[in-house]
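A structural walkthrough
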Amino acid sequence: MSAPVFKMLTANRLRDGDVLYRKGGGWVLTLAEADLYADAPAAEAALAQAEAELAQNIVVAPYLFDVRQEDGAVRPVKEREIIRAAGPTVRPDTGKQATA
C-alpha cells in the first residue's frame, strides 16, 4: 500500500528565482518546513491566497503539487519537484544541493 498523497504549494521568489514553499501566510525555502494540505479545499484556498498576493511582486507562478510522507520525510511525487527541491542542477557546489 502506498503512502497517501498530500498537496503542497510552491512558487518562485521574484527577486532571485529561488524555489519557495508555502508555510502559513508566508514562504519558506525547504519542503520540510512547508505546509501539507490533506484535502482539496484547503489546498485550493492556499493557492487562491497566494494568487491574490501576486500583485505584491514577491513570488511568481504559484501552483500545487503532489507529495507523500515516507519514512518521516516529505517526498515529491513528480521528478520536476524532486529537482526543484534539490536546487539548481547546474551548481551542485552551492545552494540546497551543497547542504544536502
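For the structure given in this document, a descriptive report is provided here.

Criteria and thresholds
- Residues numbered from 1 in each chain as written.
- Predicted model: local features only at pLDDT ≥ 70, side-chain atom pairs only at ≥ 80, totals over all residues.
- Heavy atoms only, no water.
- Helix = DSSP H or I, 4+ residues; strand = E, 2+ residues; numbered from the N terminus.
- Buried < 20%, exposed > 50% of the residue type's maximum accessible area, 1.4 Å probe, protein only.
- Expected span 1.5 Å × (residues − 1).
- Contact = heavy atoms within 4.5 Å.
- Polar contact = N/O pair within 3.5 Å; in protein donor to acceptor, adjacent residues only side chain to side chain.
- Pairing = 2+ DSSP bridges.
- Core = buried A, V, L, I, M, F, W, Y, C linked by side-chain atoms within 4.5 Å.

**Considerations on the environment of Gly 17**
As for its placement among the helices and strands, Gly 17 is situated in the loop between strand 1 (5–13) and strand 2 (19–23). Under the relative-accessibility criterion, Gly 17 is labelled partly exposed at 36%. For Gly 17 and Val 59, which are 42 residues apart along the polypeptide, the C-alpha to C-alpha distance reads 8.5 Å.

**Some remarks on helix 1 (residues 40–52)**
With 13 residues, helix 1 ought to run about 18 Å at 1.5 Å a step, and its terminal C-alpha atoms sit 18 Å apart, in line with that. Where helix 1 is buried, its residues contact strand 1, strand 2, strand 3 (26–28) and strand 4 (59–70). Capping the start of helix 1 is the job of one residue whose side-chain oxygen sits 2.8 Å from the backbone nitrogen of Ala 42: Asp 39.

**Notes on the pairing of strand 1**
Within strand 1, seven of the nine residues are buried, which leaves the element mostly enclosed by the surrounding structure. Pairing geometry for strand 1 and strand 4, over eight bridges, is antiparallel. Counted as the bridge partner of Phe 6 is Val 67 from strand 4. Note that strand 1 and strand 2 share three bridges and pair antiparallel. Pairing of Thr 10 across the sheet is with Tyr 21, part of strand 2. Linking strand 1 back to strand 2 in an antiparallel pair, the connection comprises five residues, with Gly 17 at a positive phi of about 80°.

**What about the pairing of strand 5 (residues 73–76)?**
The alternating pattern of strand 5 places Val 74 and Pro 76 on a buried face and Ala 73 and Arg 75 on a face that is not buried. Pairing of strand 4 with strand 5 involves four bridges; the strand directions are antiparallel. In the strand pairing of strand 5, Gln 69 is matched with Val 74.

**Observations concerning the nonpolar core**
Core analysis: the largest hydrophobic core is formed by eleven residues, namely Leu 9, Ala 11, Leu 20, Trp 27, Tyr 37, Ala 43, Ala 46, Leu 47, Ala 50, Val 59 and Leu 64. Contributions of two or more residues to this core are made by strand 1, helix 1 and strand 4. Contacts of Tyr 37, omitting those with residues within four sequence positions, involve Phe 6, Lys 7, Met 8, Leu 9, Arg 22, Ala 42, Ala 43 and Ala 46. Core analysis: the second largest hydrophobic core is formed by ten residues, Tyr 21, Val 28, Phe 65 and Val 67 among them.

**Observations concerning the side chain of Asp 35**
You can see Asp 35 is positioned in the loop between strand 3 and helix 1. A distance of 2.6 Å separates a polar atom in the side chain of Asp 35 from the backbone nitrogen of Gly 24. With sequence-adjacent residues up to four places away left out, Asp 35 is seen in contact with Lys 7, Met 8, Arg 22, Lys 23 and Gly 24.

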